[in-house]
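Structural features, examined
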Amino acid sequence: MALDYGTPILVVDDYQTMIRIIRNLLKQIGFEDVDEAADGSAALSKLKQRRYGLVISDWNMEPMTGFELLQEVRADQSLKETPFIMVTAESKTDNVIAAKRAGVNNYIVKPFNAQTLRSKIEAVCGH
């Protein structure tokens, strides 16, 4: 499974510390091109300006949640193929099922490490 480490990644979380953690994990894995957004609506406007190879989004955010962002991305003709990984502190089955139905590519429950993140990214983006 070869990963393209030049792939631009958008990390979406309203908690700056979590963005920093995910950014550092991505760097450990080998990804350098990482953008960030503090909520779903900010992420959406970035997604319309630039093509990302992957979105890693938190579930719980205000005013637009990661789940709502996922629905918007999947409804948009030009964005719907974008790989999307949802991050959450809750492993509730209802959330996982809802996210799967909405078209999420993968799901990570916090806390996680670089190895877990890498395997999720490989499952979604590896060719």
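The structure under discussion appears in the preceding block.
Everything in this summary refers to the structure shown in the same document. (Residues numbered from 1 in each chain as written. Predicted model: local features only at pLDDT ≥ 70, side-chain atom pairs only at ≥ 80, totals over all residues. Heavy atoms only, no water.)

1. Some remarks on the packing of helix H2 (residues 40-49) against helix H3 (residues 66-75)
Each pair of packed helices can be described by the angle between their axes along with the distance between the axes. Here is the rule we go by: Between N-to-C directions, angles span 0 to 180 degrees; the directions come from axes that are lines fitted to C-alpha atoms, helices contributing only their stretch in contact. The secondary structure listing takes helices from DSSP runs of H or I that are at least 4 residues long and strands from runs of E that are at least 2 residues long, numbered from the N terminus. Should an angle fall under 35 degrees it is taken as roughly parallel, and over 145 as roughly antiparallel, whereas 65 to 115 is taken as roughly perpendicular and any remaining angle as oblique. Definitions for this section: a left-handed crossing has its near helix turned counterclockwise from the far helix by less than a right angle. A right-handed crossing has that turn clockwise. Contacts are assigned to residue pairs with any non-hydrogen atoms lying within 4.5 Å of each other. Under the scheme applied, nonpolar residues are Ala, Val, Leu, Ile, Met, Phe, Trp, Tyr, Cys and Pro; charged residues are Asp, Glu, Lys and Arg; polar residues are all the others, including Gly.
The geometry of H2 relative to H3 is characterised by a closest axis approach of 9 Å and an angle of 25° between their N-to-C directions. It follows from the interaxial angle that H2 and H3 lie roughly parallel. The two elements H2 and H3 cross, and the hand of that crossing is right-handed. Where H2 approaches H3, its residues Gly40, Ala43, Leu44 and Leu47 are matched on the opposing element by Leu69, Glu72 and Val73. Taken together, the residues of the contact of H2 with H3 sort by class into 5 nonpolar, 1 polar and 1 charged.

2. Description of the sheet that holds strand E4 (residues 84-88)
For clarity, the cut-off: Strand pairing follows a simple DSSP-based rule, namely that at least 2 bridges must link the two strands.
Pairing in this open sheet of 5 strands is parallel, and the strands run E2-E1-E3-E4-E5 from one edge to the other. The open sheet has two edge strands with one neighbour each: strand E2 (34-37) and strand E5 (106-109). Here the average twist between neighbouring strands, direction ignored, is 20°. The pairing of strand E3 (residues 54-58) with E4 spans 4 bridges and is parallel. Across the sheet, the residue bridging to Asp58 is Val87, located in E4. Each of strand E1 (9-12), E2 and E3 touches helix H1 (residues 16-29); the most contacted strand, E2, lies at about 165° to it.

3. Here's the deal with empty space enclosed by the protein
We apply this condition: For cavity detection a 1 Å grid was placed over the protein atoms alone, and a set of points counts as a cavity when a 1.4 Å probe fits there but cannot get out; an open set counts as a pocket when protein lies on both sides within 12 Å along at least five of seven lines, with lining residues being those that have an atom within 4 Å of a point. Grid points are joined across faces, edges and corners, and a volume is the space filled by probe spheres set on the points.
All told, the structure shown has 1 cavity of 30 Å³ or more when counted by the stated rule. Estimated volume of the largest cavity: approximately 40 Å³. Leu3, Asp4, Thr7, Ile9, Phe31, Leu54, Ile121 and Cys125 are the residues that line the largest cavity. Of the residues contributing to the lining of the largest cavity, the split by class is 6 nonpolar, 1 polar and 1 charged.

4. Focus on the pattern of salt bridges
Put simply, the rule is: What counts as a salt bridge is simple: a side-chain nitrogen of Lys or Arg found within 4 Å of a carboxyl oxygen of Asp or Glu. When accessible area is computed with a 1.4 Å probe and restricted to protein chains, residues below 20% of their type maximum are described as buried, those above 50% as exposed, and intermediate ones as partly exposed.
In the structure shown here, the tally under the stated rule is 7 salt bridges. Residue Asp33 pairs with Arg50 through a salt bridge whose shortest N-O separation is 2.5 Å. Remark: Arg50 occurs in the loop between H2 and E3 and Asp33 occurs in the loop between H1 and E2; sequence separation between them is 17 residues. A residue is classified by how much of its surface remains accessible, and Asp33, at 25% relative accessible area, is partly exposed. The exposure class of Arg50 is partly exposed, given its relative accessible area of 29%. A salt bridge links Arg118 to Glu122; the nearest nitrogen and oxygen atoms lie 3.0 Å apart. Of this pair, Arg118 and Glu122 both sit in helix H5 (residues 114-125), 4 residues apart, roughly one helical turn.

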